[in-house]
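Coordinate inspection notes
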Amino acid sequence: MPSWRNRAFLPTSVLPSRNRPAEEDAPERALQPRRDDEVPVEESVVEKAVYLHGRRLEAPHSLREAMHRLHDPDKAMAWIGLVHPTEAQITDMAKVFDLHPLSVEDAIVAHQRPKLERYDDTLFVVLRPAIYLDESETVQIGELHIFIGRDFVLTVRHTDRPNLAAVRHRMEADPDLLALGPEAVLYAMIDFVVDGYAPVIAGLENDIDEIENQVFESDPAVSRRIYELSREVAELQRATKPLLQIVRGLERGFDKYGTDEELQRNLRDVADHATSVVERVDGFRSNLADILTLNATLVAQTQNEEMRRLAEAGMEQNDEVKKISAWAAILFAPSLISGIYGMNFERMPELSWPVGYPIALCLMLVVCGVLFLVFRRRKWL
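A brief structural summary. Keep in mind that what you see is a predicted model, and the values were worked out from it rather than measured. (Residues numbered from 1 in each chain as written. Predicted model: local features only at pLDDT ≥ 70, side-chain atom pairs only at ≥ 80, totals over all residues. Heavy atoms only, no water.)

**Details of the packing of helix 2 (residues 87-97) against helix 3 (residues 101-109)**
Where we set the bar: Note on definitions: angles span 0 to 180 degrees between N-to-C directions of axes, and those axes are lines fitted to C-alpha atoms, for helices only across the stretch in contact. By the criteria applied, helices consist of DSSP H or I runs no shorter than four residues and strands consist of E runs no shorter than two, each listed in order from the N terminus. By the definition adopted for this analysis, an angle is roughly parallel if under 35 degrees, roughly antiparallel if over 145, roughly perpendicular if from 65 to 115, and oblique otherwise. Put simply, a crossing is left-handed when the front helix is turned counterclockwise from the back one by less than a right angle, and right-handed when it is turned clockwise. It only takes one pair of heavy atoms within 4.5 Å for two residues to be counted as in contact. Three classes are used, and their members are as follows: Ala, Val, Leu, Ile, Met, Phe, Trp, Tyr, Cys and Pro are nonpolar, Asp, Glu, Lys and Arg are charged, and the others, Gly among them, are polar.
Contact pair helix 2 / helix 3: the axes reach a minimum separation of 10 Å and the direction vectors enclose 155 degrees. Between helix 2 and helix 3, the interaxial angle falls into the category roughly antiparallel. As for the relative orientation of helix 2 and helix 3, their crossing is right-handed in sense. On helix 3, the residues that touch Glu87, Ile90, Thr91 and Ala94 of helix 2 are Val104, Ala107 and Ile108. Taken together, the residues that form the contact of helix 2 with helix 3 break down as 5 nonpolar, 1 polar and 1 charged.

Structure (structure tokens):
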């Protein structure tokens, strides 16, 4: 195998390294509980194999045996996968393959953003694969660390899903592609991660459609769902957007390291898919922001409509109170007059009047008529 193939994906520029705070102040922590440090690194290895010209050889019994085979003049390649390794196990692996301490630290601490960094002749790549859980309608973001050397590929997974067995089966089914070396395996893994975003995009799109229906149905629980989905989309955006920088960094090394033409085309195809994913995720975030604004507007309209109905009901109630008060005032006048003349006093000048009774009745009618006209003019009746 030509020597340039082992350096084909070393970029001319890489992402800036992160600022590492003091250990006691570091917000990161390991994704999985650490096990006993005495457990050998082989306990966390889920798959290890050595390949020669794209063909799988007999599996080595240990990492040191795999490294020993790489010293043969046949230019073999080792591909080793670890799941939930402890700090001691990662350290042992680093000693066997002479990995840079900074990349080892990132692999131990985990919770890294997707990135591509070069340490001498070794590439360190962090990818954030995602899966959509239909049961809970949520997105689960994983983390994959990849070490690419001249003749080895090391993968460190801190989550059980997604399983990388499909990538290995695909590469073993295509010996010509696998014979291109570690950079071909890196391409396959990036392609696998990018393709894995498709069902996540479909699931989120379906969730957004459901949320739109909930918004127009005035579902009171929709605001919380919009907020939760917005957080998931933001997390997915942080996982997908750096992919474009990773792929561009690899593309910049095409001419310098003489990357195989077919591999260049494959990686450009992955770049197109990654761009589409990033654009869709950006669109989701914009859509959710618009939906949130629309929901707030509809809630405000609903509240205004409710307040208008309450105001109308209050006005109607006031009209009824006015009518009742007006009739009560009209009826109060004759009651007052009759009450006066109903007092049991012996000496009342009006009692001896022959026209006292007709005058009292006329007075009642006049007072009631005047009050009726006054209330009618004021539209109380």
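Anyway, onward from the coordinates.
**Topic: a nonpolar patch on the surface**
To keep things clear, this is the line we draw: Residues enter a patch when their relative accessible area is above 30% and they make no salt bridge; the linking distance is 9 Å between like charges and 5 Å between nonpolar side chains (Val, Leu, Ile, Met, Phe, Trp, Tyr). Surface accessibility follows the Shrake-Rupley procedure with a 1.4 Å probe radius. Residue values consider only the protein chains on display as shielding. The working definition used for a salt bridge is a side-chain nitrogen of Lys or Arg within 4 Å of a carboxyl oxygen of Asp or Glu.
Residues Phe332, Leu336, Ile340, Tyr341 and Met343 make up a contiguous nonpolar surface patch of roughly 470 Å² in combined accessible area. Tracing the backbone shows Phe332 in helix 9 (residues 261-341).

**Considerations on the nonpolar core**
Keep this limit in mind: Among buried residues, those of type Ala, Val, Leu, Ile, Met, Phe, Trp, Tyr and Cys that are joined through side-chain atoms within 4.5 Å constitute a nonpolar core. Each residue's exposure class comes from its accessible area (1.4 Å probe, protein chains only) as a fraction of the maximum for that residue type: buried when under 20%, exposed when over 50%, partly exposed otherwise.
Among the nonpolar cores identified, the biggest contains 61 residues, and Trp79, Leu127, Ile146, Met171 and Leu236 are the most heavily contacted of them. In terms of residue count, the dominant contributor to this core is helix 6 (residues 182-216) (16 residues). Non-local contacts of Leu127, meaning those with residues more than four positions away in its chain, are made with Gly142, Glu143, Leu144, Ile146, Met189, Ile190, Val193, Leu243 and Ile246. Core analysis: the second largest hydrophobic core is formed by 27 residues, Val50, Leu70, Ala78 and Val126 among them.

**As for the packing of aromatic side chains**
The test is simple: Any Phe, Tyr or Trp ring, taking Trp's six-membered ring, that has another such ring centre within 6.5 Å forms a pair; planes under 30 degrees apart are called stacked, those over 60 apart edge-to-face, and the others tilted.
Inspection of the entire model under this criterion finds 4 aromatic pairs. Arranged with centres 5.0 Å apart and planes meeting at 50 degrees, the rings of Phe97 and Phe152 form a pair that is tilted. Within this pair, whereas Phe97 is found in helix 2, its partner Phe152 is found in strand 9 (residues 152-157), the two being separated by 55 residues in sequence.

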